[in-house]
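An overview of the molecular structure
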Amino acid sequence: MTRKPRVAIFDFTGCEGCELNQLNFEDQLLDILAHVDIVEWREAMDDRAGEYDIAFVEGSLSTPDCIKRIHDVRRRAKVLVALGTCAVTGGVNAVKNTRPIEEVREEVYGQDKYLFPTLPALPLSAVVKVDHNVRGCPMTQIEFLKVFTALVMGKRPIEPDYAVCVECKLRENECVLERGMICLGPVTRAGCDAHCPTVGQYCIGCRGLVSEPNIAGMEEILVDHGLSLDDARRRLQLYNANQLEGAK
Amino acid sequence: MVRFFLERDRVADLVKHLMERRTVYAPHRKGRRSFAFARTADPAAVVLDYPRTLHSVKKFFLPPREELLRFDLTDDTFAAGEPEPSGAAFLGVHSYDVAAVRRLDHNFSAGNAERNYLVRRQGAVFIGVGFEPDKFHFSGSVGIEPDDTAGCDAFLTKLLDGYVLEILTPTGRELLKGLELPPYEGNDPPAHPFQQHIYVPQSRLGRIMDKSYEHPVWAEASRTCVGCGTCNLVCPTCYCFDVQDHVDITATGGSRERTWDGCMLRGFSEVAGGEVFREGLPERQRHRVLRKFKYLSDTTGVPWCVGCGRCTAACPAGISIANIVNRLVGDAERTPVAPI
Amino acid sequence: MGANLDIKVRHLTRVEGHGDIVVNMRDGVLEKAQLDIVEAPRYFEAMLKGRSFHEAAIITSRICGICSLGHQITSLKATEQALGLEVSAQTVLLRKLLIHGATIQSNVLHAYFLAAPDFLGQGSVFPLVASHPEVVKRALRMKRLANDIGDVVSGRAVHPITPVPGGFTRIPTAHELQELKRRLQQEMVPDFLATVETMKALAGAIPDFTRETEFISLRCDDEYALYDGDICSTDTGRVPDSEYRRMTNEYVVPHSTSKHARANRSSFMVGALARWNNNHDKLCPTSLAAAAELGLQPGCHNPYLNTIAQVVEAGHCALDAVAIIDRLLGDGLKDEIPNQEPTRYGTGIAATEVPRGILYHEYTYDRQGRVAAANCIIPTGQNLANIDDDMKKLVPEVIGQTKAEITLKLEMLVRAYDPCISCSVHLLDVNFIE
Amino acid sequence: MKLQDLINPAAAKELYLPVMAEIRDVRKLTELETLYTVALPGGAELGHQPGQFVAVSLFGVGEAPFSISSSPTRRGVFELGIRRVGMLTDVLAGCTAGRKIGIRGPFGRGIDVERFKGKDVLIVAGGIGLVPMRSMINYVLDRPGDFGRLIICYGSRSDRELLFTDELEKWRRNPNVDFRVTVDRGSPDWTGHTGVITTLIPGLNLDLDNLACCVCGPPVMYRFALLALRSRGVKEKDIWMSLERRMKCGVGKCGHCQINGSYVCQDGPVYHYPEIKALQEAL
Ligand SMILES: Cc1cc2nc3c(=O)[nH]c(=O)nc-3n(C[C@H](O)[C@H](O)[C@H](O)COP(=O)(O)OP(=O)(O)OC[C@H]3O[C@@H](n4cnc5c(N)ncnc54)[C@H](O)[C@@H]3O)c2cc1C
Ligand code: SF4
Ligand code: SF4
Ligand code: SF4
């Protein structure tokens, strides 16, 4: 490669935990910086750049201003990577989409609700073409490094399309179902190396669903493990509100 | 055959004796209610009385993740991964897991013999232990009894106050030399009955499987199956794998790694152009079960399900392979059986 | 003839979240000096309503990646109080250890990566990689260790995993804790002392500005209050945390998607400087010595020195973390199962000192253990009015300088508060109407 | 018990280590397909049968199976025709002459040319299926005395996607070859046959008692091609087909390529139709 790729990082509606997770690569940060030129990153620097090879974009789209800005980012980026589940599926933000938006605004701002425009929380892919995804809430560091090295090498990163259970088994974890808990791992897309079950917590589904999830089967599993059907649906909804919308 | 009496209090002596001579892998507690084979550091931590381990000893010969080679991107050279002979004593293995290793031995020897597996497998000594079947075990139905010593170098059978230690091979004798134990002269301890069965003798299974292809059971099992692949990944006789390259963050080198894979996963049979050759969960479930009870049995003469019950115990949807088989049996033999 | 000045800094950099600085002066009369919060609202309330108590902390931690641990711990405390779940002494110690880790990581991140570039006249930390590699490496090392506390004890530093209502899903091993202790003593303490030297060298770039205001923080008798305590004001003294509404009084302003707050005057300040002013007597000797080195005095009213107070506090957290590990190991680690059997369904209130100030969570649960009402008040929201008041005093004082200089002073002022705009927007006072 | 016992690892082979070969020439065939000429180190011969495949790898990217497109009669180098569809093939598309690639193989069972000898050879190739079939076609053309007539039916989605256009032209002009080509959708200046590949079969002049036929194409093609051949009276025993499945090892270990109990990488990719007729998953 003759020139280092120019990288820009943007944030939309989200918690910025994904960006923070980038700053948390203490061990690899200097290696990463050796491969690229970071030309725009509001959270860490003042510069504003014109064009870039790779744009990493965090957060979901939830205001008219977001929509304008993402088109602008897309125009100026050769490759656009959605960073974190908010950007990939809408994430937790999309839970608000399951209720009438007026009701939600009124609850929060009361009579002042019209001061602040809002839209349903959308994944980036609902508005612009997304080339690659780094999932997770916060985005999974190992996956970020995989996508990052793939892009630096000029290859297409592959996104796993199997369940978290696979990675959980590869690590020989005790299944949390065995501990009498519930788990969303069976329909959640792997790539995190089964981080939560490995430390004894259930998979909350933060990486979104596999491509052909058996939702009815999963609901039945949750009910068998002690949830009401209503609670089972809510648990599944946490990160998948936009995806399950159609399913119901 | 030589039999000794191992008093309960002396189990730790046996473990110590082994540890002085070899690396010892034995069942240990893992998590709150599970067990796993692990390298023994403390004799007191070994658990001989356990229902089943999360993974079988397969993981030592065909590791879940294994480096096949390391490459250098700056000059396109590579070095082969260096598997090490295990040479270890595997203490407290159940009969069905030893039977599973025998099947893997076949797979990695027949046709193109694979160095990686065969090297790792070298020098492994098995000291089996009997087990009390729980509601998931059904190895008896595929010809593997709890006290089946086939493939073991020594075997422990539980008594009220200790174990009968049987020495079965010269390797076993050699390894246990110097461990002073009194001979055992009592009766054979009573066998524990199985709670789960396949309802026909093994010899009739082949014919039943031949007729199973269009059976509704595949679709029925797929109602709650979520295609998570757990059943493949915990199975001691599943050996399918995936291979991928991983690049170091410096982008100057990396490794080619193989990882366990499973036929219940959608991507397993997907080819370029997006065609998935086993498109639905019913097709995949059928493939999984027929691999255990037909395809591989047709060529090797033994069922490739060893009845350990892991897939059933671990399935989040509680799908039972024995019940699936019994559904097929029931229809073929026109006997009523419980629904899956 | 008076001065004219128009400043609009859109999407202020090196802060967490989206905020604009807006200043207008006409003929020497200051018309406007304020921080507009333009972060998109996310309506967390809608997500919390009807959710199981297992999920409340998972959701609130997603309000903000930077403060995720603080939200999580505060949420768990409120839930436990509402449901009558007792937690063990070990759980409390582990949580305190986590708060120390998060405080060190946040304070170090702010001082080195967000504030230091200003002191060195740089736009970001990246040029410092080349010009001051040792300093950057030290900062990364400190952050790494602080994050490792989070990784080891809570499974992950951002959006922690293992802290759940009633305890932890996984208890760290003695070996892991010993290793943390070793690194705290061998790496963190020397790095802290070196940081004090670095900051001393840079402190000349900190503007000299004071405005008297009210400082509010937690306070307790036996330690430097972080995990819990009474609400303590420099104006009116101590009140129990159940009276938090009286100490915050939130209200909506049009220029901010985040609500503002006031207590006894038009504005007050929370955060490291408030903690310093209220609790410096509880700091360890090493931190007190560092404060003296850096010229930080009790009763300090220069908001720019919040950054210095953060550095001082990081040292205390590091040393107290060692003491906590000693206690945990001395008592012997126990593999406790989280206590998740509610004994009642009611309301719980919790207050925690997170890096930017006091965080309050209050939940009411229905009989199914689902959230019926929630109210969270976050530190940055409490500081916003104080920031506006500071700007109003600062602009006339510096009006003789160039616009670029004034802009920089304003940006540095806002950054000194280390505002967390995500938080400020995402949690608002809500009572669900059934 | 027919289980084979553990054999001595010293006698076992290194199955997964590639030989580092070199790309000698790169020729773009269409928008998506590229032809690579590859040489093994030291001028070694690959020694393949038509229909066999190799595993190609680029370090850091991965490995995938590709059919050998050149005839074994061509010495010194071999050719691969590769369609750009994903991770590895993307990167391959950017490779130029001189680039080192890993090669393992040749693998699998190719066309049993002995059973084709003395007979008319019918090749039915759809789309990229021409890549492996070209190996057989050129083999037959290079040994004219060994075989009867050569009949080629080639179908492509559009005329812009036709592969090896210069060679197609040569086949068309060769009096010993009955060459037919069709496209699903032709561009306005396409003057040839239009329609799916099976529409070529009814018009063929076949000597049913002296015929051997090999079919290769996309998955959907097989069923229809078979119907068309059977309705022309082609005997099952005279049909071979080359199948594709996902594969990771090429040596019968990884399990991906199984069709019921058969391993495509061992028992295929070229199957004699009567062998797979009973395999439900094959076609
Ligand atoms: C015996 C055989 C001969 C083949 N001959 C040729 C040939 O001559 N020319 C040619 O262009 N292609 C051929 N293929 C197909 C070729 O192997 C795939 O196109 C290639 O694997 C795609 O790799 P990739 O990394 O570019 O794609 P990926 O990014 O890995 O995936 C793209 C698509 O290819 C599928 N795929 C991935 N790996 C394989 C695999 N090992 N086998 C099959 N599909 C896979 C994926 O599921 C996905 O749908 C052949 C396949 C087989 C089995
Ligand atoms: S813990 Fe969850 S992800 Fe892991 S195996 Fe069990 S169900 Fe699957
Ligand atoms: S473990 Fe159960 S749910 Fe998962 S793939 Fe197997 S049968 Fe389906
Ligand atoms: S199929 Fe199930 S019961 Fe049979 S060997 Fe495999 S895991 Fe055990």
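Residues numbered from 1 in each chain as written. Chains lettered and ligands numbered in written order. Predicted model: local features only at pLDDT ≥ 70, side-chain atom pairs only at ≥ 80, totals over all residues. Heavy atoms only, no water.

The next subject is the overall build of chain C. Secondary structure assignment for chain C yields 13 helices and 13 strands. Taking 434 residues into account, the globule formula puts the C-alpha radius of gyration at 22 Å, and chain C, at 21 Å, falls close to it. With the C-alpha coordinates of chain C rotated into their principal frame, the extents come out at 70 × 55 × 40 Å. Within chain C, buried positions represent 66% of all 434 residues. Taking the intrachain contacts of chain C between residues at least 6 apart in sequence as the baseline, contacts between residues at least 24 apart amount to 71%. Counting every atom, chain C has about 13700 Å² of accessible surface; 51% of that belongs to carbon and sulfur. If you average the places of the 44 positive and of the 53 negative side-chain charges in chain C, the two averages end up 3 Å apart. (Helix = DSSP H or I, 4+ residues; strand = E, 2+ residues; numbered from the N terminus. Rg over C-alpha atoms; globule rule 2.2 N^0.38 Å. Buried < 20%, exposed > 50% of the residue type's maximum accessible area, 1.4 Å probe, protein only. Contact = heavy atoms within 4.5 Å. Areas by Shrake-Rupley, 256 points an atom, 1.4 Å probe, with all protein chains shown as cover. Lys, Arg positive; Asp, Glu negative; His and termini not counted. Charge placed at Lys NZ, Arg CZ, Asp CG, Glu CD.)

The next subject is the site of ligand 2. Close to ligand 2 lie Val-164, Cys-165, Cys-168, Lys-169, Cys-175, Val-176, Leu-177, Cys-183, Gly-185, Pro-186 and Pro-197 of chain A. Of the residues that constitute the shell around ligand 2, the class distribution is nine nonpolar, one polar and one charged. (Near = heavy atom within 4 Å. Nonpolar A, V, L, I, M, F, W, Y, C, P; charged D, E, K, R; others polar.)

This next bit is on the interface of chain B and chain D. The interface of chain B with chain D comprises 54 residues on the first partner and 43 residues on the second. Here chain B and chain D share an interface that buries about 4500 Å² over both sides, 57% of which is from carbon and sulfur atoms. Applying the counting rule to chain B against chain D returns three salt bridges. Here Arg-278 of chain B makes a salt bridge to Glu-281 of chain D, at a shortest N to O gap of 2.7 Å. Our enumeration of links across chain B and chain D arrives at 27 residue pairs in polar contact (both at pLDDT 80 or more). Looking at the side of chain B that touches chain D element by element, the count peaks at seven residues for helix H3 (residues 95-109) of chain B. A per-class count over the side of chain B that touches chain D returns 24 nonpolar, 13 polar and 17 charged. (Buried area = accessible area lost by both parts, 1.4 Å probe. Salt bridge = Lys/Arg side-chain N within 4 Å of Asp/Glu carboxyl O. Polar contact = N/O pair within 3.5 Å; in protein donor to acceptor, adjacent residues only side chain to side chain.)

Here we take up helix H1 (residues 11-21) of chain B. Taken as a whole, H1 of chain B has its buried residues at Val-11, Leu-14, Val-15, His-17 and Leu-18 of chain B. Buried residues along H1 of chain B cover an arc of 160 degrees about the axis, so they all sit on one side. (Arc of directions from axis to C-beta.)

With that out of the way, let us pick up the site of ligand 4. Contacts to ligand 4 come from Phe-138, Cys-235, Pro-236, Lys-292, Cys-305, Val-306, Gly-307, Cys-308, Gly-309, Arg-310, Cys-311 and Ile-321 of chain B. Partitioning the shell around ligand 4 into residue classes produces eight nonpolar, two polar and two charged.

A few words on the packing of aromatic side chains. On inspection of all chains with the given rule, the structure shows 27 aromatic pairs over all chains. On the basis of an interplanar angle of 55 degrees and a centroid distance of 5.5 Å, the ring pair of Phe-10 of chain A and Tyr-52 of chain A is categorised as tilted. Of the two residues, Phe-10 of chain A is situated in strand E1 (residues 6-11) and Tyr-52 of chain A in strand E3 (residues 52-58); the sequence distance between them amounts to 42 residues. For Phe-10 of chain A, a relative accessible area of 7% corresponds to the buried category. For Tyr-52 of chain A, a relative accessible area of 2% translates into the label buried. Summarising the aromatic geometry, the rings of Tyr-244 of chain C and Tyr-360 of chain C are spaced 5.0 Å apart at their centres and angled 25 degrees between planes, so their arrangement reads as stacked. (Phe/Tyr/Trp six-rings, centres within 6.5 Å; stacked < 30°, edge-to-face > 60°.)

A separate point is the nonpolar core. By size, the foremost hydrophobic cluster in this structure holds 135 residues, and its most contacted members are Phe-90, Leu-91 and Leu-156 of chain B together with Leu-122, Tyr-154 and Val-215 of chain D. The dominant element in this core, judged by the number of residues it contributes, is helix H2 (residues 130-142) of chain D, at seven residues. Leu-122 of chain D has contacts with Ile-151, Cys-153, Leu-204, Leu-206, Leu-211, Ala-212, Cys-213, Cys-214 and Leu-229 of chain D, leaving out every residue within four places of it along the chain. (Core = buried A, V, L, I, M, F, W, Y, C linked by side-chain atoms within 4.5 Å.)

Once that is clear, we can look at the domain arrangement of chain C. You can read the domains of chain C as domain 1 (5-37) and domain 2 (44-424). Taking the mean C-alpha position of each, domain 1 of chain C and domain 2 of chain C sit 26 Å from one another. (Domains from an automatic or database assignment.)

A few words now on the sheet that holds strand E1 (residues 5-9) of chain C. Whether parallel or antiparallel, the strands of a sheet pair through hydrogen bonds between backbone atoms. Residues and elements named next belong to chain C. Strands sit in the order E1-E2-E3 across an open sheet of three strands; the sheet is antiparallel. Each having just a single partner strand, E1 and strand E3 (29-37) make up the two edges of the open sheet. Across the sheet, the mean angle from the axis of one strand to that of its neighbour is 5 degrees, orientation sign disregarded. Two strands pair when backbone bridges link them, and strand E2 (residues 19-26) and E3 are joined in this way by eight bridges, in the antiparallel orientation. Of the residues in E3, the one forming a bridge with Gly-19 is Ile-37. On top of the sheet, helix H11 (residues 379-398) reaches E1, E2 and E3; it is set at about 145 degrees to E3, its chief contact. Together, E1, E2 and E3 form the strand contacts of helix H12 (residues 403-416), whose direction differs from that of E1 by roughly 45 degrees. (Pairing = 2+ DSSP bridges. Axes fitted to C-alpha atoms, helices over the stretch in contact; angles between N-to-C directions.)

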